[in-house]
Amino acid sequence: MSAMFERLALIGLGLIGSSIAHATRRAGLANEIVGYARSPETRETAAKLGFLDRVADTAEEAVKGADCVILCVPVGAIGAVTEQIATSLAQGTILSDVGSVKASVIAQALPHMPDHAHLIPAHPLAGTEQSGPESGFAELFDNRWCIITPLPTNPPEQVARIRAFWEGLGSQVDTMDAAHHDQVLAVTSHIPHLIAYSIVGTASDLETVTKSEVVKYSASGFRDFTRIAASDPTMWRDVFLHNKEATLEVLGRVTEDLFALQRAIRWGDGDTLFKRFSETRAIRRGIVEAGQDTAHPNFGRGKPPKS
Ligand code: NAP
């Protein structure tokens, strides 16, 4: 594919920033990739790993002359970072981001935007529980969705450029408004993470089960929650602080449904339990059929080594 951007600037060089750099290079989508992260350690690691053409010493220097800038920092940092770079953005630059919450990103960034640049928010639905510049890889976005939440003022040809960029990174792309994105993600991502954080905390607090038993017998279900509950604490703190309404709404529904299951267990109502578990099994099949997970038993994990 031919280069879409002369110079791409990435602010934040963790899992997502470094993966964008790797995937941009794989597809040849930018003639130059410049990056910046706030800590000298991350900048040094990025320079050593070599996924950028240039590591800048400041955020302002990184965005100078870039025709596309992508903020890959936690949602709570978007306002301050946008304020810092705003006056250095070139004429016609696209300023995008990858934040997991979209209405808050727009509310934080828009007041700082100069008239001559375009704020076009996006969110790749791809990640792992790893963080930092060493965790990125080019295939992260392959066959994963990326949701763009354009503003009514965005020129359609600039939205089309960001769409084509994410397709070039390997993603399938959808567009929707920011408020709807935040509701959808509360159901599909934010509340599942909250439940995982909660259940893993509860299991390790139970006095009747020792911590070593929780670890030893984790493969019976607990282990799969621990992967999600190992996700970055800063990122996830910001998600809940910035998607408060939608997550509280969904959490209310989840709590009601849990009480219904609790009631069914208490009264020996096997029909209710069987019906609910059959419905959820069908949802899992749908996810596999949509190519969003593997059909291999045990999430594709190999046989455990013989002990
Ligand atoms: P990460 O690996 O922890 O990297 C975060 C980067 O942001 C680091 O370079 C860090 O700088 C920088 N940063 C942290 N706090 C900052 C602050 N207050 N001001 C300026 N820079 C700051 O995180 P990530 O997983 O790449 O996540 C980045 C964004 O992607 C978040 O908005 C997240 O919601 C979104 N996202 C994440 C996932 C996922 O699964 N991880 C998926 C989709 C979208 P230092 O290294 O110098 O500390």
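Scroll up for the structure.
In short, a report on the structure.

Quick notes on the rules
Residues numbered from 1 in each chain as written. Predicted model: local features only at pLDDT ≥ 70, side-chain atom pairs only at ≥ 80, totals over all residues. Heavy atoms only, no water. Helix = DSSP H or I, 4+ residues; strand = E, 2+ residues; numbered from the N terminus. Rg over C-alpha atoms; globule rule 2.2 N^0.38 Å. Buried < 20%, exposed > 50% of the residue type's maximum accessible area, 1.4 Å probe, protein only. Contact = heavy atoms within 4.5 Å. Areas by Shrake-Rupley, 256 points an atom, 1.4 Å probe, with all protein chains shown as cover. Lys, Arg positive; Asp, Glu negative; His and termini not counted. Charge placed at Lys NZ, Arg CZ, Asp CG, Glu CD. Polar contact = N/O pair within 3.5 Å; in protein donor to acceptor, adjacent residues only side chain to side chain. Axes fitted to C-alpha atoms, helices over the stretch in contact; angles between N-to-C directions. Left-handed = near helix turned anticlockwise from the far one by under 90°. Nonpolar A, V, L, I, M, F, W, Y, C, P; charged D, E, K, R; others polar. Salt bridge = Lys/Arg side-chain N within 4 Å of Asp/Glu carboxyl O. Near = heavy atom within 4 Å.

### Looking at the overall build of the protein
A count of helical and extended segments in the protein gives 12 helices and 9 strands. Relative to the 2.2 N^0.38 estimate, which gives 19 Å for 307 residues, the radius of gyration of the protein is 21 Å and therefore close to what a compact globule would have. Principal-axis analysis of the C-alpha atoms places the extent of the protein at approximately 65 × 45 × 35 Å. Within the protein, the fraction of its 307 residues that count as buried is 41%. Here the analysis covers contacts within the protein between residues at least 6 apart in sequence; of these, 75% occur between residues at least 24 apart. Carbon together with sulfur atoms contributes 56% to the accessible area of the protein, which is approximately 16,700 Å² in total. Of the charged side chains in the protein, 29 are positive and 36 negative, and the gap between their average positions amounts to 8 Å.

### Some points on the side chain of Asp-238
Within the secondary structure, Asp-238 is located in helix H10 (residues 233-242). Within polar-contact distance, the side chain of Asp-238 engages the side chain of Arg-237 at 3.1 Å. Those residues within four positions of Asp-238 in sequence are excluded, and the remaining contacts are Pro-74, Val-75, Gly-76 and Ala-77.

### Examining the packing of helix H7 (residues 178-205) against helix H11 (residues 244-266)
At a closest axis distance of 9 Å, the pairing of H7 and H11 adopts a crossing angle of 65 degrees. For the crossing formed where H7 meets H11, the hand is right-handed. Counting all contacts with H7, which are made through Asp-182, Gln-183, Ala-186, Val-187, His-190, Ile-191, Leu-194 and Ile-195, the residues of H11 involved are Ala-246, Thr-247, Val-250, Leu-251 and Val-254. Its residues assigned to classes, the contact of H7 with H11 shows 9 nonpolar, 3 polar and 1 charged.

### Overview of the pattern of salt bridges
Per the stated rule, a full pass over the model turns up 13 salt bridges. For Arg-7, the salt bridge is made with Glu-32, and the minimal N-O distance between the two is 2.8 Å. Of this pair, Arg-7 sits in strand E1 (residues 5-11) while Glu-32 is found in strand E2 (residues 30-36), placing the two residues 25 residues apart along the sequence. A salt bridge links Arg-163 to Glu-167; its shortest N-O distance comes to 3.5 Å. Placement of both Arg-163 and Glu-167 in helix H6 (residues 156-168) is noted, with a separation of 4 residues, approximately one turn of the helix. If you follow the salt bridges from partner to partner, you end up with Arg-7, Glu-32, Arg-54 and Glu-61 in one network.

### Re the site of the ligand
Taken together, 26 residues lie around the ligand, and Ser-39, Thr-42, Val-73, Ser-100 and Gly-132 are the ones closest in. Take Val-73: an N or O atom from its main chain is 2.7 Å from an oxygen atom of the ligand. In this structure, an oxygen atom belonging to the ligand sits 2.8 Å away from a main-chain N or O atom of Gly-132. When the ligand is considered free in solution it has 910 Å² of accessible area, and contact with the protein chains removes 83% of it. Secondary-structure elements contributing two or more residues to the shell around the ligand are helix H1 (15-27) and strand E7 (122-124).

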